[in-house]
Amino acid sequence: MLISPYASSSQRLYDKISQAISTPASALGAPTVASRDSATVTLSVEARAIQALLQNKPDEVNASSAAGFNDFLARFGEQIHAQGKAAPMLAELPESADPARLALAHQAVNFVLSKVGQPSAYAEQSSQNPFAELGRKSLSRIAFDDSGTFTSAERSAAHQEIQAREEDFTKAVKAQQEALTRRDKSYSAFWQQLTQTQAQATQLEEMTETERAWRGWGTLESVQRDVARLKQESPLAVPAAPEYRHLRSPANSVLAAVSEGQGAARWKMVSIQELAADNVRLTLIDFAPTPVDSSATTPTSHRTAESGKAQQAQVKNWLALYANVSRY
């Protein structure tokens, strides 16, 4: 079946899922490596479960996680520096049969080792941060989730990605403050307060309540009120806060594992439009056991009809897991 280039993104995605091969996790070997001019996107039940956790879990303060986060970071850092890839906390693996999920967990281990100058533990995986393209709140949920859903290496990798973005954002805010000061030096202290408060509001918009408690910051509402007050007091028009890299995940997107070749993979919120693109190859990982074909003696026409129904059911199943088409 050909996919019309004139079809809507949702229809093109529906057609692609219809044609994609659903593979039992037990039958998969090493993650598929994408060609140079394409990407392989893996959709699996595991990714859907993680997406539900990242997006739908009530955002409430986990007091034990907030209180124990500094201790977690210290213990993790001490183990890595003292024992390298033999650190017990690096031996943690997710309870999953999804090869893409396991590969990304291995990649998180390699990443945290690379940041302290240690050799990789998994030669077949890259040392890139697998969380580098997730939205900030997703990173915050991973880093501060002490339930065991994510490994210690994954939590550390998510936190390090937050730190890297914060450093970039802080530099941009500082540059903005200096530009305002050059325009009116008599308000130097005021510009510092305004730009930093405005920046904090941006961060709080995509920060979990647990991270906020750990940082000891006020609520988003209270900081936004402070920003509004400061803007009213400003003698000059106040520019918006600088751009924050990957602040939010794209709208109308699903969580997927994206293979980029050379052992590199990453979690990414992929938009429906991107999934429907011609250069994206879909891989569906099915965790349900493959049913035995009991229609071997059934007339061909009936088997064809049953096969069509089964394919439609599969498509509906994946769309129910990953996208509500009526939203697009």
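What you see is a predicted model, and the numbers here were worked out from it, not measured in a lab.

Asker: Quick one: what's the story with the confidence of the model for the chain, residue by residue and with numbers?
Answerer: Detailed reading of the predicted coordinates is not advisable wherever pLDDT is low. Averaged over every residue, the pLDDT of the chain is 79; residues scoring 70 or more account for 70%. Per-element averaging of pLDDT across the chain places helix H11 (residues 300-322) at the bottom with 51 and helix H8 (residues 209-215) at the top with 97. Taken together, the stretch residues 24-37 has pLDDT below 50 and engages in 24 contacts with residues farther than four places along the chain or on a different chain. Note that pLDDT drops below 50 for residues 287-300; the model gives that stretch 10 contacts with residues more than four away or on any other chain.

Asker: I'd like a description of the nonpolar core, backed by residues and values.
Answerer: One finds Leu 90, Phe 131, Leu 134 and Trp 267 to be the most contacted residues of the largest nonpolar core, which totals 34 residues. Elements with a minimum of two residues in this core: helix H2 (45-56), helix H3 (63-83), helix H4 (99-114), helix H5 (136-143), helix H6 (152-183), strand E3 (253-261) and strand E4 (264-271). With 7 residues, H4 is the single largest residue contributor to this core. Apart from residues no more than four positions distant in its own chain, Trp 267 is found in contact with Ala 47, Ile 50, Arg 101, Leu 104, Pro 130, Phe 131, Glu 133, Leu 134, Leu 255, Ala 256 and Ala 257. Listed in part, the 10 residues of the second largest apolar core include Ala 256, Val 258, Val 280 and Leu 282.

Asker: Help me get a handle on the packing of H6 against helix H7 (residues 188-205), residues and values and all.
Answerer: Two elements in contact, H6 and H7, have axes separated by 9 Å at closest approach and are oriented at 150°. It follows that H6 is roughly antiparallel to H7 by the angle criterion. Relative to H7, the crossing made by H6 is right-handed. Contacts between H6 and H7 involve Glu 166, Phe 169, Val 173, Gln 176, Gln 177, Leu 180 and Thr 181 from the first element and Ser 188, Trp 191, Gln 192, Thr 195, Gln 196, Gln 198, Ala 199, Thr 202 and Gln 203 from the second. A breakdown of the residues in the contact of H6 with H7 according to their chemical character gives 5 nonpolar, 10 polar and 1 charged.

Asker: Describe the packing of aromatic side chains, naming the residues involved and giving the relevant values.
Answerer: For the structure shown, the criterion picks out 9 aromatic pairs. Relative to Trp 214, the ring of Phe 69 lies with its centre 5.1 Å away and its plane at 80°, an arrangement referred to as edge-to-face. With Phe 69 in helix H3 and Trp 214 in helix H8, this residue pair connects regions lying 145 residues apart in the sequence. Ring geometry for Phe 190 and Trp 191: centres 5.4 Å apart, planes at 65°, overall edge-to-face. Every member of this aromatic cluster is reached through a ring pair, and the members are Phe 69, Phe 72, Phe 76, Phe 144 and Trp 214. Over the aromatic face of Trp 217 sits the side chain of Arg 215, whose NZ or CZ is 5.3 Å from the ring centroid.

What counts as what
In this convention, every chain numbers its residues from 1, walking through the sequence in written order. Thresholds applied to this predicted model are a pLDDT of at least 70 for local features of residues and 80 or more for the giving and counting of side-chain atom pairs; totals over whole chains, interfaces and linings are not thresholded and use all residues. Calculated side-chain values reflect all of the structure's heavy atoms, with hydrogen atoms and water omitted. Looking at any residue, its pLDDT shows the predictor's confidence there, from 0 to 100. Helix and strand assignments come from DSSP, with helices taken as H or I runs of at least 4 residues and strands as E runs of at least 2, each series counted from the N terminus. Contacts between residues were defined by any pair of non-hydrogen atoms, one from each residue, lying within 4.5 Å. For the purposes of this section, nonpolar cores are sets of buried Ala, Val, Leu, Ile, Met, Phe, Trp, Tyr and Cys residues that join through side-chain atoms within 4.5 Å. Throughout, exposure labels follow a simple rule: accessible area from a 1.4 Å probe, protein chains only, divided by the maximum for the residue type, with under 20% read as buried, over 50% as exposed, and the rest as partly exposed. To get an axis, a line is fitted to the C-alpha atoms, and for a helix only the part in contact is used. The angle between two axes follows their N-to-C directions and goes from 0 to 180 degrees. Here roughly perpendicular refers to angles of 65 to 115 degrees, roughly parallel to angles under 35, roughly antiparallel to angles over 145, and oblique to all remaining angles. Two helices crossing with the near one rotated counterclockwise from the far one by less than a right angle form a left-handed crossing, whereas a clockwise rotation gives a right-handed crossing. For this classification, Asp, Glu, Lys and Arg are treated as charged, while Ala, Val, Leu, Ile, Met, Phe, Trp, Tyr, Cys and Pro are nonpolar and the rest, including Gly, are polar. Here the aromatic set is Phe, Tyr and Trp, taking the six-membered ring for Trp, and pairing holds for ring centres within 6.5 Å; pairs whose planes are under 30 degrees apart are stacked, those over 60 apart are edge-to-face, and all others are tilted. Placement of a charge over a ring requires the Lys NZ or Arg CZ to be within 6 Å of the ring centre, with the centre-to-atom vector within 35 degrees of the ring normal.

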